[in-house]
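The lines below spell out each chain.
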Amino acid sequence: MTTDYPISVGIFEGFSWIRCKGKGSFLASPAMKSFGDERIAAGESCLVVDLSDCTGMDSTFMGTLAGMAARLSVVDGGTLQIAEPGERNRRSLEDLGLDFLLEIDPPKAAWRGQIEAVRSSLVPPELKKEEKQREVAARHVLEAHKNLSQANEKNAKKFSQVVGLLEAEVDKESKKNG
């Protein structure tokens, strides 16, 4: 794995950290989701996604954030926090209504005051090799867009065609892979 991989992660006392460098996209979001799912399954109640070096986010990446926030919302005290999103990323999250699902730059977060120490100890996530890569990718993108659609009615209308196309793609790949 190259050292310029867009996602790096770490586990700390009271939270787990995911940092995105460059574009937050459908390419980076499966690794983010996998790490987040593993941490939630291990009992983590606070995931932090650091967007300080994220140049922008596509809908799949934001849908992945929405899904992680939804999974954490059923955990006692569970929360997805966004660290240093910058104005553009903050606006993107707010435009899709995701600011109601997650906490953006919470002032009293457990990680305040230790951001540089956290960032200096992050590592690339372990990537899993999937046998049916195209089908897995299509399912991931579909799930992310369903998450966005479930966030609010405006998103449901905005992404309905995309969800329909993705469902057809997943069905086609599934039949092809038997």
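Before reading on, note that the structure itself is shown above.
No experiment lies behind these values; they were computed from the predicted model shown.

Chemist: How would you explain helix H1 (residues 29–41) if you had to name every residue and give the values?
Modeler: Here H1 contains 13 residues, and its C-alpha end-to-end distance of 18 Å stays within 8% of the 18 Å for a straight helix at 1.5 Å per residue. Restricting attention to buried positions, one finds in H1 the residues Ser29, Ala31, Met32, Lys33, Phe35, Gly36, Arg39 and Ile40. Downstream of H1 by one or two residues, Gly43 has phi in the positive range, about 100°.

Chemist: Tell me about the packing of H1 against helix H2 (residues 59–73), residues and numbers included.
Modeler: The contact between H1 and H2 brings their axes to 10 Å, and the two run at 5°. The orientation of H1 relative to H2 falls into the category roughly parallel. From H1, Ser29, Met32, Lys33, Gly36, Asp37 and Ile40 reach across to H2, where they touch Thr60, Phe61, Thr64, Leu65, Met68, Arg71 and Leu72. Split into classes, the residues belonging to the contact of H1 with H2 amount to six nonpolar, four polar and three charged.

Chemist: Can you tell me about the nonpolar core, naming the residues and giving the values?
Modeler: Formed by 31 residues in total, the largest nonpolar core has its most connected members in Ile7, Val49, Leu51, Leu65, Leu80 and Leu93. If we ignore the near neighbours within four places in the chain, the residues touching Leu65 are Met32, Val49, Met57, Leu80, Ile82, Leu93 and Leu102. By size, the runner-up hydrophobic cluster in this structure holds ten residues, among which are Phe15, Val48, Trp111 and Val118.

Chemist: Residues and numbers for the state of the cysteines, please.
Modeler: Going through the model one piece at a time under the given rule, you end up with zero disulfides. Note on Cys54: no disulfide assigned, nearest cysteine sulfur contributed by Cys20 at a separation of 4.0 Å. When its relative accessible area of 9% is taken as the criterion, Cys54 is described as buried.

What counts as what
Residues numbered from 1 in each chain as written. Predicted model: local features only at pLDDT ≥ 70, side-chain atom pairs only at ≥ 80, totals over all residues. Heavy atoms only, no water. Helix = DSSP H or I, 4+ residues; strand = E, 2+ residues; numbered from the N terminus. Expected span 1.5 Å × (residues − 1). Buried < 20%, exposed > 50% of the residue type's maximum accessible area, 1.4 Å probe, protein only. Axes fitted to C-alpha atoms, helices over the stretch in contact; angles between N-to-C directions. Parallel < 35°, antiparallel > 145°, perpendicular 65-115°, else oblique. Contact = heavy atoms within 4.5 Å. Nonpolar A, V, L, I, M, F, W, Y, C, P; charged D, E, K, R; others polar. Core = buried A, V, L, I, M, F, W, Y, C linked by side-chain atoms within 4.5 Å. Disulfide = S-S within 2.5 Å.

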